[in-house]
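Next come the chains, spelled out residue by residue.
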Amino acid sequence: MAVTVRPARPGDVEAVRAIRNHAVEHSTALWTQTPQTPAQGVIWLAAHLERGSAFVAEVDAEVAGFAVYGPWRELDGYRHTVENSVYVREGRHGLGIGSALLDVLITAAREAGHHVMIAGIEAGNTPSIRLHERFGFDHAGTLPEVGTKFGRWLDLTLMRLALT
């Protein structure tokens, strides 16, 4: 199985939104219970396209995952730090798609001159934590019970990668 990662395009919005909304509805990867509307998806992806921080992975000409990075926090003192998000379509996990996406995402953030990449991961999401460890992310700490979803409190593991 060949995985091809390329910059996202406006025409990818529905495939990306479907993957994102599946995570919203069925996992604790995104700490919201509100699916993204088509209009919200267009706006959200457009912001990432404008800064060149959105990528999709294709397998057999189908979008099988996406990855983005964006500002970690909005204040200008954090302008050199970005946060990543990597999502793989249901049924496509364990095939190297997340690794291919994260590899390209890190390279793009380095080339854009960013200094640090942060990953905020639900503490029980062991596959995502392991993925980030393989790429050199260090554990920066875990914040207990800072979010909630599906009627339970969630812990947030923060991971950090120096890009420069």
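Residues numbered from 1 in each chain as written. Predicted model: local features only at pLDDT ≥ 70, side-chain atom pairs only at ≥ 80, totals over all residues. Heavy atoms only, no water.

Trainee: I would appreciate a short explanation of the overall build of the chain in the present structure.
Mentor: Secondary structure summary: the chain contains four helices and seven strands in total. Ordered by position from N to C terminus, the α and β elements of the chain give β-α-α-β-β-β-α-β-α-β-β. For 164 residues, the compact-globule formula gives about 15 Å, and the C-alpha radius of gyration of the chain, at 15 Å, lands near that figure. Its C-alpha atoms give the chain principal-axis dimensions of about 40 × 40 × 30 Å. Expressed as a percentage of the 164 residues in the chain, the buried residues total 40%. The long-range fraction of contacts in the chain, counting pairs at least 24 apart against all pairs at least 6 apart in sequence, stands at 62%. For the chain, the accessible area works out to roughly 8,700 Å², and carbon and sulfur atoms hold 52% of it. Taking the average location of the 15 positive side-chain charges in the chain and that of its 18 negative ones, the two points are 1 Å from each other. (Helix = DSSP H or I, 4+ residues; strand = E, 2+ residues; numbered from the N terminus. Rg over C-alpha atoms; globule rule 2.2 N^0.38 Å. Buried < 20%, exposed > 50% of the residue type's maximum accessible area, 1.4 Å probe, protein only. Contact = heavy atoms within 4.5 Å. Areas by Shrake-Rupley, 256 points an atom, 1.4 Å probe, with all protein chains shown as cover. Lys, Arg positive; Asp, Glu negative; His and termini not counted. Charge placed at Lys NZ, Arg CZ, Asp CG, Glu CD.)

Trainee: Help me out: how do you make sense of the packing of helix α3 (residues 97–111) against helix α4 (residues 126–134) in this one?
Mentor: In a pair of packed helices, the angle between the axes and the distance between the axes together describe the arrangement. Running from N to C, α3 and α4 point in directions that differ by 45°, and their axes come no closer than 10 Å. Judged by the inter-axis angle, α3 sits oblique to α4. Between α3 and α4 lies a crossing of right-handed hand. Each of G98, S99 and L102 in α3 lies in contact with α4, whose residues at this interface are L131, H132 and R134. (Axes fitted to C-alpha atoms, helices over the stretch in contact; angles between N-to-C directions. Parallel < 35°, antiparallel > 145°, perpendicular 65-115°, else oblique. Left-handed = near helix turned anticlockwise from the far one by under 90°.)

Trainee: Got a minute to help me understand the pairing of strand β5 (residues 116–122) in this structure?
Mentor: Look at any regular strand and the pattern is simple: side chains alternate between the two faces of the sheet. Counting buried positions along β5 yields six of seven residues, so the element is predominantly enclosed. Judged from the three bridges that link them, strand β4 (residues 81–88) and β5 form a sheet pairing that is parallel. Bridged to V82 within β5 is M117. (Pairing = 2+ DSSP bridges.)

Trainee: I would appreciate a short explanation of α4 in the present structure.
Mentor: Each α-helix winds once per 3.6 residues, and so residues spaced three or four apart point in a common direction. Regarding α4, the residues found buried are S128, I129, L131 and H132. Down the axis of α4, the smallest arc covering the buried residues is 160°, so these residues share one side. Counted as exposed and oriented over 90 degrees from the buried face of α4: P127, R130 and R134. Check the buried side of α4 and you find it contacts β4, α3, β5, β6 (138–149) and β7 (152–162). Positive backbone phi, approximately 95°, marks G136, located one or two places after α4. (Arc of directions from axis to C-beta.)

Trainee: Looking at this structure, I do not really get unusual backbone geometry. What am I missing?
Mentor: The bulk of non-glycine residues show a negative phi, and the bulk of peptide bonds are trans. In the Ramachandran plot, A61 falls in the positive-phi region, its phi being about 65° despite a non-glycine side chain. With respect to the helices and strands, A61 occurs in the loop between β2 (54–59) and β3 (62–71). Of note in this structure, F150 is not a glycine but carries a positive phi near 55°. Counting through the fold element by element, F150 comes out in the loop between β6 and β7.

Trainee: What am I meant to see in the side chain of T28 here?
Mentor: Take T28: it is sitting in the loop between α1 (13–26) and α2 (38–51). Here T28 falls in the buried class, since its relative accessible area comes to 12%. Within the structure, the side chain of T28 is placed 3.3 Å from the side chain of E122, a separation counted as a polar contact. If sequence neighbours within four positions are ignored, T28 has contacts with E122, K149, F150, R152 and L154. (Polar contact = N/O pair within 3.5 Å; in protein donor to acceptor, adjacent residues only side chain to side chain.)

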